[in-house]
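# Fold and geometry: a report
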Amino acid sequence: MAFETVADKKTQPFPRLSDRAFLAGSMALFGLIILAMLFASSLFMNSAWATYDTGRFYAMAEVIVNGATPYLDYEDPKPPLIFFTLTLPVLLGQKFLGGLLLVGLCNLASAFLVMKIGWELYGRSAGLLAGVLFTLNIGWAQGYFVMTEPFAIAFVLLATYFALCGKDRHYFLAGLCAGIAVGFKQYALLAVALLLLAMYMDKSLRKAPAFLAGVFLPLLAIFGAILAVYGFEALNASLYWSFGVAGSYIGEKDAGGVASYRTSDPLMLAANIAMATSMFTSMIIIGFASAFKDRKLSTAETYFLLSAAGFALTILIRQYLHYWVLALPFLALLCARLFKKDR
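Definitions and limits used
Residues numbered from 1 in each chain as written. Predicted model: local features only at pLDDT ≥ 70, side-chain atom pairs only at ≥ 80, totals over all residues. Heavy atoms only, no water. Salt bridge = Lys/Arg side-chain N within 4 Å of Asp/Glu carboxyl O. Helix = DSSP H or I, 4+ residues; strand = E, 2+ residues; numbered from the N terminus. Buried < 20%, exposed > 50% of the residue type's maximum accessible area, 1.4 Å probe, protein only. Patch = residues over 30% accessible without salt bridge, like charges linked within 9 Å, V, L, I, M, F, W, Y side chains within 5 Å. Areas by Shrake-Rupley, 256 points an atom, 1.4 Å probe, with all protein chains shown as cover.

## Remarks on the pattern of salt bridges
Summed over all chains, the structure comprises seven salt bridges. Note that Glu-301 is salt-bridged to Arg-337, the shortest N-O span being 2.9 Å. Of this pair, Glu-301 sits in helix H16 (residues 299-312) while Arg-337 is found in the segment after helix H17 (328-336), placing the two residues 36 residues apart along the sequence. Like Arg-337, Glu-301 is buried.

## Some details on a nonpolar patch on the surface
A contiguous nonpolar surface patch, about 440 Å² in accessible area, is contributed by Leu-197, Tyr-200, Met-201, Leu-205 and Leu-306. In terms of residues, the nonpolar patch owes the most to one element, helix H10 (residues 189-201), which gives three residues. Here Leu-306 is to be found in helix H16.

## A few points about unusual backbone geometry
Look at Tyr-71: it is not a glycine, yet its phi comes out positive at around 75°. With respect to the helices and strands, Tyr-71 occurs in the loop between helix H3 (48-65) and helix H4 (81-85). At Lys-203, a residue that is not glycine, the phi angle is positive and equals roughly 60°. Inspection of the secondary structure puts Lys-203 in the loop between H10 and helix H11 (208-230). Classification of Lys-203 by relative accessible area gives exposed; the value is 71%.

Encoded structure:
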């Protein structure tokens, strides 16, 4: 954790707590919030509008478990990792409960990472605030349903930590985590580009080959395993449905035969965007205001700002609330910046 002097600790709301006790209490708080949110989301497990994507994910997982061929016997425009991950609860006979447990563990890891990053940059109280803001607000973004985003953001945050925090930077590990994130959600490619930009700003671009090697290694392993087990046709289909379908998904109402629920009415599109952003207006205003109030941004803070903006703009492609999960940790860190210990 970040070094704190006695004077620093006196300004903290919990100056008598050791770092270990503070961490344990914070994790207990995150755990309680996550359990409450998971219970609330479980009440909607019979709702088609809340679990449409979840149903498709499990349909593909069952294809895999039953020995059929993914992407040929069933099609869905997502990378493979979410489907293979969900084979575990299918095999255990606890689809929704097992899936919710996996999502809860991912959210707990993400909350810890948000707090850890905020703690190192701004002090432990600001880090705790960032973790709480993230943990609460992803409830509005369907972050407690079985979606790809909770899995992807956990690895995006790991990549962020390895690349931007600590005395020693671990760019290969950062790339490895970013590659795994892409294996869950295509939009994680944005984090790859932004981390390369951060490395350039940090004058560490010479480490880019190690970072990119880390990115490609898990993707080669994932798609190589599909080739080895299912053959070339399945490999081509998996690559198409993971990345090749992007053009029709972004620009058309139908992505390779899978309904994408895109509206062509400009007024309806504007209304959908307004509704989707309204729940996060306060965080957006506070987070971006913190960046523009004091424009001396560090490399990490510039990365947070660009990540928050970049992932938030995916709402223009589809007005789905769960897309916000990818932007929220960076908005939370920008909000916590207002409370850094030297203010």
